[in-house]
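Working through the structure, step by step
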Amino acid sequence: MRFSTLLSVFFLALARQGLCQNGTFDGLAKVYHESSLLRAQNNPFRRDGQPACTEDNIRVRRSWVNLTLDERAEYIAAVKCLYETPPLSPKSFAPGARHHADDFSACHYNQTEYIHFSGWLIPWHRYFVWSYESSLRDFCGYTGALPYWDWTEQYESHTQHPLFDGSDYSLGGNGEYVPHEPQNLTIPVPSRPQVLFPAGSGGGCITDGPFVNVTSNLGPHFPVQETTGLEYNPHCLKRDFVEALSQQFLTTASIENLMSQKSIGDFRQVLDIGIHFAGHGTVLGGMSDLWVSPEDPVFFFHHGQLDRLWSIWQEQDLASRMNQTSDTQTWDNVPASPNVTVFDILDYGVIGDGRVQMVDIVDTMGGFLCYRYE
Ligand SMILES: [Cu+2]
């Protein structure tokens, strides 16, 4: 290691000590930014004879608001292309799948009871989101990195966020208003957690933006689980915005609370029942379906943001946080299952490499994953 690098590492360590004391999110994000950049500049890691993940080949993920209009248009065109790309799922698995975007819903559907309220929640979604980013590039010619939704930018009224402004450079806005009641739902695990979905201001199909005519073909599966969820059921993209949830949970204060957690188990708990839920709940419609919520492109923006927060949390103390695991391999540990370890295999079916060992994805720059957040 060069002397200048050693010095930088030393100053970063000092910065970390100070910032852990005052802990503002801006401070933590700055530590992440400097530390991850330094690692990209000095990364010796190689896998399977491929070039190391370095500053030159790394994907840099940025907030949607920091993309130019041309960059937003390129991303949107690639996402639309996924809805026109033939599915990979065999008919015997997902008979209703009609395009590659459906594959992501089918894969998520199939794993739902292992990857929520469990120790796999955070790492499983990391590779899932990365695979989506890779599909955009491999199947649809996208040249950028996955953008994320930093909901703190407009938490008081997320409907005003550029992601939802209804323009050609957005994901479209709210669903058409359909009168409906709030729903008090029970997640079907033995601890029976109650989830209150307030009645939002939409409820029907979206009426503007580039995804008005997009059709998804799987689900619904939640809350009514009478259908298998994988049969052919073409439908529009629905949303039902609830601003109260973003106002309460998708704030910088919530993030700072998350960042103050000392173990990955506590981090997972705070993330799962707070901001993870709220990001789905403030959009509702397709995003409220625990099984097939990837049908709404906003899913990948929300999970990009959650993955960013995990990365920032890890980077504050790489030695102890990079490989930390918690909980078990089933939701609420039902049925009872082994404790999660970094040697667990995560299952994605036809998505990406199909089966991935967790140890290969805990570091976003440590293996075949090669990205960081700006
Ligand atoms: Cu999920």
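In this text the structure is predicted, and so the values were computed from the model without any measurement.

Right, let's get into the nonpolar core. Grouped together as the largest cluster of nonpolar side chains are 74 residues, with contacts concentrated most on Tyr75, Tyr132, Val298 and Tyr348. Sorting elements by how many residues they give to this core places helix α5 (residues 121–140) first, with 10 residues. Residues contacting Tyr132, with those up to four places away along its chain left out, are Tyr75, Val79, Leu82, Phe104, Leu146, Pro297 and Phe300. By size, the runner-up hydrophobic cluster in this structure holds 20 residues, among which are Val189, Phe197, Phe222 and Leu230.

Looking now at the pattern of salt bridges. Under the defined criterion, the tally for this structure stands at 12 salt bridges. The partner of Arg59 in a salt bridge is Glu133, and the shortest N-O contact between them spans 2.6 Å. Here Glu133 lies in helix α5 and Arg59 lies in strand β1 (residues 59–61), a separation of 74 residues in the sequence. Taken individually, Arg59 and Glu133 each receive the classification buried, so the pair is uniform in this respect. Two residues, Arg268 and Asp327, come together in a salt bridge whose shortest N-O distance is 3.2 Å. Here Arg268, found in helix α8 (residues 264–281), pairs with Asp327, found in the loop between α10 (318–321) and β6 (345–347); they are 59 residues apart in sequence, far enough to count as distant.

Let us look at the state of the cysteines. A covalent bond between the sulfur atoms of two cysteines is referred to as a disulfide. Taken as a whole and assessed by the stated rule, the structure comprises three disulfides. There is a disulfide in this structure between Cys53 and Cys370, and the S-S distance comes to 2.1 Å. Around the S-S axis, the bridge from Cys53 to Cys370 shows a dihedral of about 90 degrees and counts as right-handed. Here Cys53, found in the loop between α2 (25–41) and β1, pairs with Cys370, found in the loop between β7 (355–357) and β8 (371–373); they are 317 residues apart in sequence, far enough to count as distant. Note on Cys370: relative accessible area 12%, which makes it buried. Disulfide pairing places Cys205 opposite Cys236 at an S-S distance of 2.0 Å. Note on the Cys205 and Cys236 pair: the S-S dihedral is about -75 degrees, so by sign convention the disulfide is left-handed. Separated by 31 residues along the polypeptide, Cys205 in strand β5 (residues 203–206) and Cys236 in the loop between β5 and α6 (243–249) bring together distant segments of the chain.

A few words on the UniProt feature "domain: Tyrosinase copper-binding" (unreviewed entry) in the protein chain. Those places that UniProt annotates as "domain: Tyrosinase copper-binding" (unreviewed entry) correspond, in this numbering, to residues 296–307. In residues 296–307, the share of helix is 83% and the share of strand is 0%. The end C-alpha atoms are 18 Å apart.

For the structure shown, the criterion picks out 26 aromatic pairs. Counting every residue linked through ring pairs, the aromatic cluster contains Phe104, Trp124, Tyr127, Phe128, Trp130, Tyr132, Phe299, Phe300, Tyr348 and Phe368. Over the ring of Tyr232 we find Arg98; its NZ or CZ atom is 4.0 Å from the centre of that ring. Positioned above the aromatic ring of Trp313, the side-chain terminus of Arg321 is 4.2 Å from the ring centre.

Attention now goes to the packing of helix α7 (residues 252–259) against helix α9 (residues 298–315). With their axes 10 Å apart at the nearest point, α7 and α9 run at an angle of 45 degrees to one another. By the angle class used here, α7 and α9 are oblique. Note that α7 runs across α9; the crossing there is right-handed. The residues of α9 that touch α7, namely those facing Ile255, Leu258 and Met259, are Gln305, Leu309, Ile312 and Trp313. Here the residues of the contact of α7 with α9 sort into six nonpolar, one polar and no charged.

Attention now moves to the coordination of the copper ion. Around the copper ion, the donor atoms from the protein are His108 (NE2), His116 (NE2) and His125 (NE2), and they sit 2.1 Å away. Counting residues between consecutive donors of the copper ion along the chain gives the motif H-x7-H-x8-H. This pair shows no difference in class: His108 is buried, exactly as His116 is.

About the criteria used
- Residues numbered from 1 in each chain as written.
- Predicted model: local features only at pLDDT ≥ 70, side-chain atom pairs only at ≥ 80, totals over all residues.
- Heavy atoms only, no water.
- Core = buried A, V, L, I, M, F, W, Y, C linked by side-chain atoms within 4.5 Å.
- Buried < 20%, exposed > 50% of the residue type's maximum accessible area, 1.4 Å probe, protein only.
- Helix = DSSP H or I, 4+ residues; strand = E, 2+ residues; numbered from the N terminus.
- Contact = heavy atoms within 4.5 Å.
- Salt bridge = Lys/Arg side-chain N within 4 Å of Asp/Glu carboxyl O.
- Disulfide = S-S within 2.5 Å.
- UniProt positions renumbered as here; feature names shortened; annotations may be inferred.
- Phe/Tyr/Trp six-rings, centres within 6.5 Å; stacked < 30°, edge-to-face > 60°.
- Lys NZ or Arg CZ within 6 Å of the ring centre and 35° of its normal.
- Axes fitted to C-alpha atoms, helices over the stretch in contact; angles between N-to-C directions.
- Parallel < 35°, antiparallel > 145°, perpendicular 65-115°, else oblique.
- Left-handed = near helix turned anticlockwise from the far one by under 90°.
- Nonpolar A, V, L, I, M, F, W, Y, C, P; charged D, E, K, R; others polar.
- Donors = N, O, S within 2.8 Å, 3.2 Å for Na, K, Ca; no water.

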